[in-house]
Amino acid sequence: MRPNIVTEAGISTRLNQWWSSIPFVTSGVIIICGAIYLLCLLIGYDSYEEICFLPSAVASHFQVYRFYTSVLFHGSLLHVLFNMLALVPLGTELERIMGSVRLLFLMFLLATTNAILHLIIAFLVAYNPLYPVPYLVNECSIGFSGVIFSMIVIETSLSGVESRSVFGLFNVPAKWYAWILLVLFQFLASNVSLLGHLCGILSGFAYTYGLFNYLLPGPSFYSSIEGLSMLSVCVRRPGFILCTGGTTYGQLPTYSNTSTAPSALINGNFLRNISSWMPSRQTSTTQEQEDLRFPGRARTLGSAGTEPTAREANANLHARHAAANTVRVDATVTPDQADTFDEELKKLVGMGFEKTQAEVALAAADGDPNVAIEILMSQQG
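### What about helix α16 (residues 355–364)?
Within the span of α16, buried status applies to Ala 358, Ala 361, Leu 362, Ala 363 and Ala 364. Trailing α16 by a residue or two, Asp 366 shows a phi angle of about 60 degrees, which is positive.

Okay, here's the thing in structure tokens:
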């Protein structure tokens, strides 16, 4: 009997497999934060007053660079390890849904909005006439945890689950998950920035409710960045994910729309999650109410009563693939059609599907990428 390679693999092999499963931007942030901490450790740099987020310094000297330097620096080995381990699942799922460039822009946006909110709240609380708390404007904050709290809120909103597990000990309502973590970290850890984490939660909710939509660029912005020749090396990296798999411009799911079936984000099946947020061909003759997240007609692949079983999907795949091959023998394919097919194939491969399977599914779907995703997802199930 053939041995189980996965279970018999050594620690180094498992670590390599784990690391290779982390997408490009998420792994890049981990490398940058880890390298910065190691460099500070080697040169003996432990005075963070020049790079931390210090509201009084930002306001008096307009040191905007602190918005971003404070995010990349960490105060201890446990600090950077905990933050990066928390980033791995969050960043991986969000990057596979949104794409690498879009997640990078999201992190930049969250770091900026978190800092602005931190600045405003710190001065309002410090100089309010009722109960002033002046130490907040002189509090020096560093670490990626503020952005992580924002990502927790966004990922929880995307998941659509009703409850979340807190450290595997007990379940709480999903809408209270980030707030409960905020309180727990204040009790479990010392020297934690309550205001930094709070602003991360507020930014995350503002983003999911669409309050930052006017700050989000259109799809052409991400495509133009992906097409830059100087970034071609990055785009060709195995972990780089194109933005074609993400939701449309400014259309992140929110709590106000509860008609969509929950995705499998929490279960780790990111392919199902991607397909559940993409529009697909309507199969009903009845005019359905348009989903505000997507233009035109769409349905959720995970909706009850509409998703075929794996056996039915495989049978349909073979039948449609045979029919597609028959048609291609006699049909004339124009160069434009061939280019479109290649472009859609690249998109499917960029979303993480295997190239050969994606090509067969796209051919069986007559070039319709959404139907091809449905076929591929039925095979995954």
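We are not done yet, so read on.
### Observations regarding the packing of helix α7 (residues 100–126) against helix α8 (residues 145–159)
Put simply, α7 and α8 touch, their axes get as near as 9 Å, and they point 115 degrees apart. Where α7 crosses over α8, the handedness of that crossing is right-handed. Within the contact between the two elements, α7 uses Leu 103, Leu 106, Met 107, Leu 110, Ala 111 and Asn 114 and α8 uses Gly 146, Val 147, Ser 150, Met 151 and Ile 154. Residues belonging to the contact of α7 with α8 are distributed by class as follows: eight nonpolar, three polar and no charged.

### Side note on the pattern of salt bridges
In a structure, side chains of opposite charge can pair up when their charged atoms sit close to one another. This structure, assessed with the given rule, holds two salt bridges. The residue Arg 164 makes a salt bridge to Glu 155 at a minimum N-O spacing of 2.6 Å. There is no split in this pair, since Arg 164 and Glu 155 are both buried. A salt bridge links Lys 347 to Glu 344, with the shortest nitrogen-to-oxygen separation between them at 3.9 Å.

### A look at the side chain of Thr 92
Counting through the fold element by element, Thr 92 comes out in helix α6 (residues 77–98). On the accessibility criterion, Thr 92 (7% relative accessible area) is buried. Among the polar contacts made by the side chain of Thr 92, one reaches the main-chain carbonyl oxygen of Val 88 at a distance of 2.5 Å. When residues no more than four places from it in sequence are discounted, the contact partners of Thr 92 are Ser 21, Ile 22, Pro 23, Thr 26 and Leu 87.

### Focus on the pairing of strand β1 (residues 163–166)
Burial along β1 is one-sided: Arg 164 and Val 166 are buried, and none of Ser 163 and Ser 165, which face the opposite way, are. Inspection of the sheet shows β1 paired to strand β2 (residues 170–173) by four bridges, in the antiparallel sense. What sits directly across from Ser 165, in β2, is Asn 171. Between the end of β1 and the start of β2, which pair antiparallel, lie three residues, with Phe 167 showing a positive phi angle near 55 degrees.

### Regarding the packing of aromatic side chains
Taken as a whole, this structure holds 16 aromatic pairs when the rule is applied. Ring plane angle 50 degrees and centroid distance 6.3 Å describe the contact between Trp 18 and Trp 19, whose orientation is recorded as tilted. Of the residues examined, Trp 19 reaches a relative accessible area of 34% and is grouped as partly exposed. Summarising the aromatic geometry, the rings of Trp 179 and Phe 205 are spaced 6.0 Å apart at their centres and angled 15 degrees between planes, so their arrangement reads as stacked. Taken together, the residues Trp 179 in helix α9 (residues 177–188) and Phe 205 in helix α10 (residues 194–208) connect sequence positions 26 residues apart.

### Side note on α6
Across its 22 residues, α6 extends 30 Å between first and last C-alpha, which sits within 8% of the 32 Å expected from 1.5 Å per residue. Considering bend angle alone, the principal kink of α6 is centred on Val 88 and spans about 30 degrees; proline Pro 89 follows within four residues of it.

### Here's the deal with a nonpolar patch on the surface
Taken together, the side chains of Ile 11, Leu 15, Trp 18, Trp 19, Ile 31, Leu 77, Leu 81 and Leu 85 define a hydrophobic patch exposed on the protein surface, amounting to about 830 Å² of accessible area. For the nonpolar patch, the element with the most residues is helix α2 (residues 11–20), which contributes four residues. In this fold, Leu 77 is placed in helix α6.

### Quick notes on the state of the cysteines
Here the structure, examined in full by the defined rule, presents one disulfide. The disulfide bridge from Cys 52 ends at Cys 140, spanning 1.7 Å between sulfur atoms. Its S-S torsion of about -120 degrees marks the bond between Cys 52 and Cys 140 as left-handed, since a negative value means left-handed. With Cys 52 in the loop between α3 (24–43) and α4 (55–61) and Cys 140 in the loop between α7 and α8, this pair connects stretches of sequence that are 88 residues apart. According to the relative accessible area criterion, Cys 140 is partly exposed, its value standing at 39%.

### Some details on the environment of Gly 204
Tracing the chain through its elements places Gly 204 in helix α10. Residue classification places Gly 204 among the buried positions, given a relative accessible area of 0%. Taking C-alpha positions, Gly 204 is 6.5 Å from Met 151, a pair spaced 53 residues apart along the chain. If we ignore the near neighbours within four places in the chain, the residues touching Gly 204 are Ser 150, Val 153 and Ile 154.

### Topic: the nonpolar core
Counting residues in hydrophobic clusters, the biggest one holds 43 residues, and the most contacted among them are Leu 87, Met 107, Phe 144, Met 151 and Ile 154. For this core, the elements supplying multiple residues, two or more each, are α3, α6, α7, α8, α9 and α10. For Phe 144, the residues in contact, after removing those within four places along its chain, are Val 29, Val 71, His 74, Asn 83, Met 84, Leu 87 and Met 107. Judged by nonpolar contacts, the second largest core, of 15 residues, contains Leu 348, Phe 353, Leu 362 and Leu 376.

### Quick word on unusual backbone geometry
Excluding glycine, residues mostly have negative phi values, and the peptide bonds linking residues are mostly trans. Phi is positive for Phe 62, which is not a glycine, with a value near 55 degrees. Tracing the sequence through the fold places Phe 62 in the loop between α4 and α5 (66–72). For Phe 167, which is not glycine, the phi dihedral falls at a positive 55 degrees. Residue position: Phe 167 is located in the loop between β1 and β2.

### Things to note about the confidence of the model for the chain
Mean pLDDT over the chain stands at 76; residues scoring 70 or higher make up 71%. Contacts for the low-pLDDT stretch residues 313–333, under 50 throughout, to residues beyond four places or in other chains number 23 contacts.

What counts, and at which threshold
- Residues numbered from 1 in each chain as written.
- Predicted model: local features only at pLDDT ≥ 70, side-chain atom pairs only at ≥ 80, totals over all residues.
- Heavy atoms only, no water.
- Buried < 20%, exposed > 50% of the residue type's maximum accessible area, 1.4 Å probe, protein only.
- Helix = DSSP H or I, 4+ residues; strand = E, 2+ residues; numbered from the N terminus.
- Axes fitted to C-alpha atoms, helices over the stretch in contact; angles between N-to-C directions.
- Left-handed = near helix turned anticlockwise from the far one by under 90°.
- Contact = heavy atoms within 4.5 Å.
- Nonpolar A, V, L, I, M, F, W, Y, C, P; charged D, E, K, R; others polar.
- Salt bridge = Lys/Arg side-chain N within 4 Å of Asp/Glu carboxyl O.
- Polar contact = N/O pair within 3.5 Å; in protein donor to acceptor, adjacent residues only side chain to side chain.
- Pairing = 2+ DSSP bridges.
- Phe/Tyr/Trp six-rings, centres within 6.5 Å; stacked < 30°, edge-to-face > 60°.
- Expected span 1.5 Å × (residues − 1).
- Bend = angle between axes of the 7 residues up to and from the residue.
- Patch = residues over 30% accessible without salt bridge, like charges linked within 9 Å, V, L, I, M, F, W, Y side chains within 5 Å.
- Areas by Shrake-Rupley, 256 points an atom, 1.4 Å probe, with all protein chains shown as cover.
- Disulfide = S-S within 2.5 Å.
- Core = buried A, V, L, I, M, F, W, Y, C linked by side-chain atoms within 4.5 Å.
- pLDDT = per-residue confidence, 0-100.

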